[in-house]
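Residue-level structural notes
As a plain string of letters, each chain reads:
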Amino acid sequence: MYHKLEVKNLSAWFNEKQVLKDVSISFPSNNVTAIIGPSGCGKTTFIRCLNRMHELVPGARVQGKVLLDGRDVYRDMDAMEVRRKVGMVFQKPNPFPNMSIFENVVAGLKLLGVRDKKVLSERVETKLKEVGLWEEVKDDLRKSGAMLSGGQQQRLCIARALAVDPEVLLMDEPTSSLDPASTAKIESLIRELKEKTTIVIITHNVQQAARISDFTGFLYLGSLVEFGETKKIFESPKNPLTERYVTGRFG
Amino acid sequence: MMIVQEYLEKINALLIEMNEVILTLGDYVEDVLKDKRGGLLPLTTELCRAAQMKEEKVQETCIESLIRLQPFAGDLRTIATSMKVAYHLSRICRYLRNITEVAEEFSLADCETGRTLSLYREAEEMVQVALRSYLQRDLKTARDLIKADESIDQKYREILRDLATGRHSGACILFNGLAARIIERMADHACYLANETIYMVTGERRIID
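Residues numbered from 1 in each chain as written. Chains lettered and ligands numbered in written order. Predicted model: local features only at pLDDT ≥ 70, side-chain atom pairs only at ≥ 80, totals over all residues. Heavy atoms only, no water.

1. Focus: the pattern of salt bridges
Residues and elements named next belong to chain A. The cut-off we apply is this: Every case where a carboxyl oxygen of Asp or Glu lies within 4 Å of a side-chain nitrogen of Lys or Arg is listed as a salt bridge. Helix and strand assignments follow DSSP, with helices taken as H or I runs no shorter than four residues and strands as E runs no shorter than two, numbered in order from the N terminus. A 1.4 Å probe rolled over the protein chains alone gives each residue an accessible area, and that area as a share of the maximum for its type sets the label: buried under 20%, exposed over 50%, partly exposed in between.
In total, this model carries 37 salt bridges over all chains according to the counting rule given. For Glu55, the salt bridge goes to Arg83, with nearest N and O atoms at 3.7 Å. With a gap of 28 residues between them, Glu55 in the loop between helix 1 (43-50) and strand 4 (60-68) and Arg83 in helix 2 (residues 79-85) connect regions that are remote in the sequence. Judged by its relative accessible area of 28%, Arg83 falls in the partly exposed class. Between Lys127 and Glu130 there is a salt bridge, with the nearest N and O atoms lying 3.1 Å from each other. Of the two residues, Lys127 and Glu130 both sit in helix 4 (residues 117-130), 3 residues apart, roughly one turn of that helix.

Here's what the structure looks like:
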């Protein structure tokens, strides 16, 4: 099994406070990997280290390696290249409020210098179709993205992230603010997207992790307690701490 | 909303009730094998239906807990195995009823049933030990029980060899042969039940013959 993204001995700090402790994990290509753990265990920090967003926070520091196809994202690549190849979808849908649906989708492409209108239009249609939004918005492409429902906004954000053809997609609790129907659509979309992309998703919803992921890692107090196939983690975890967490005994 | 522990307590209570039916059925089987008593089929059929209804109740409770709680890990394994344990207990009830059914077909007055009775008592003890190991999550007892199945198989083969000696009547050969076969299967289900205990406690699935 090829591992698109590999994390080796990763530690992270906010000033003096260490929030990640020597985490090593390999993400299988074209699979969905869920990172679960209680609030404050370092999930968001971890995922933000993968595309160098952690370094944007004043006082933040990282040690260890994050390898994308064997290249160290901190030493062998510049931050722009990393963030193009490793896209991110956030907890709350955050379409650019002053941009239309069309402009939201192509925002990343324009930053990369793509100006050809035909290319941009084709990309908008392709990506909105990929996220299942095209039929719902094809007549309103010039309307503001902020006018869409929460679930539609999140799918728009996913289309925006996909527009630059990322090789890895990071998702930080992408359905936590959505209703069940919108959540179901996003979860179904995640399952489809893994055909083209390697997906890492953070969720505090263990049922969701069980539903959509192929592999699961359990993070606790900044350390990776257990990592393995999702079926194993949720049926027969090896570590008693994982067992206690997934059965709701703590967290 | 009920928590996992409350569901498990409800399920275990139903399993214990199923076992009480097994014990009652067992008394009737003793009557057949020891005292050659007949006419028990209506009673055992009724008891068997009661056990099946309890099995249905276990399945319903397990499914409700899966829907409501979406349990994982040890909780998930316990719920999943409870459904199988209820099935095995229900099958054991049917086996016991089947012995009384076979007894209706033959005149047992002159039959020597001591070996079959002895086989039954051993199998019945296996069922009780298997269920105890499940309810108490006793891994060692469950493992030992599976190993002990060979003794039942051996005694079953001895009964068949004895029946083939020509010193028994046709009716006795048929009754003892059929009853011993049913009892041997009953012991197999005790082993399956013990195997569920092993999976529930360890998460390891093993295939047993």
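2. Quick notes on the packing of helix 1 (residues 4-35) of chain B against helix 3 (residues 73-105) of chain B
Residue and element names in this part refer to chain B. The test is simple: In this description, a line fitted to the C-alpha atoms serves as the axis of each element, helices being fitted only across the stretch in contact, and the angle between N-to-C directions of two axes falls anywhere from 0 to 180 degrees. Oblique is the label for any angle not under 35 degrees, not over 145, and not in the 65 to 115 range, which are roughly parallel, roughly antiparallel and roughly perpendicular in turn. For a crossing to be left-handed, the near helix must be turned anticlockwise from the far one by less than a right angle; the clockwise case is right-handed. Three residue categories are used. Nonpolar comprises Ala, Val, Leu, Ile, Met, Phe, Trp, Tyr, Cys and Pro, charged comprises Asp, Glu, Lys and Arg, and polar comprises the others, including Gly.
Contact geometry for helix 1 and helix 3: axes closest at 10 Å, N-to-C directions at 15 degrees. As judged from the angle between their axes, helix 1 and helix 3 are roughly parallel. The handedness of the crossing between helix 1 and helix 3 is left-handed. When the residues that make up the contact of helix 1 with helix 3 are grouped by side-chain class, the tally is 19 nonpolar, 5 polar and 1 charged.

3. Side note on the sheet that holds strand 2 (residues 17-28) of chain A
The strands making up a sheet are joined through hydrogen bonds of the backbone, oriented either antiparallel or parallel. All names here are of chain A. For clarity, the cut-off: Here, a strand pair is defined by DSSP locating no fewer than two bridges between the strands.
What the 4 strands build is an open sheet, ordered 2-1-4-5; its pairing is antiparallel. Whereas interior strands pair on both sides, the edge strands pair on one side only; in this sheet they are strand 2 and strand 5 (71-72). With 8 bridges joining them, strand 1 (residues 3-14) and strand 4 adopt antiparallel strand pairing. Residue pairing in the sheet places Phe14 in a bridge with Ala60 of strand 4.

4. So, the state of the cysteines
Put simply, the rule reads: Only a pair of cysteine sulfur atoms within 2.5 Å qualifies as a disulfide here.
Throughout the structure, instances matching the rule amount to 1 disulfide over all chains. What pairs with Cys111(B) in a disulfide is Cys172(B), and their sulfur atoms sit 1.8 Å apart. Residues Cys111(B) and Cys172(B) share a disulfide whose torsion about the S-S bond is about -105 degrees; that sign makes it left-handed. Placement of Cys111(B) in the loop between helix 3 and helix 4 (114-135) and of Cys172(B) in helix 6 (residues 170-202) is noted, with a sequence separation of 61 residues between them. Each member of the pair, Cys111(B) as well as Cys172(B), is classed as buried. You can see Cys41(A) has no disulfide; the closest cysteine sulfur is in Cys49(A), sitting 13 Å from it. What makes Cys41(A) buried here is its relative accessible area of 2%. Unpaired in this structure, Cys48(B) has its nearest cysteine sulfur neighbour in Cys93(B), at a distance of 5.4 Å.

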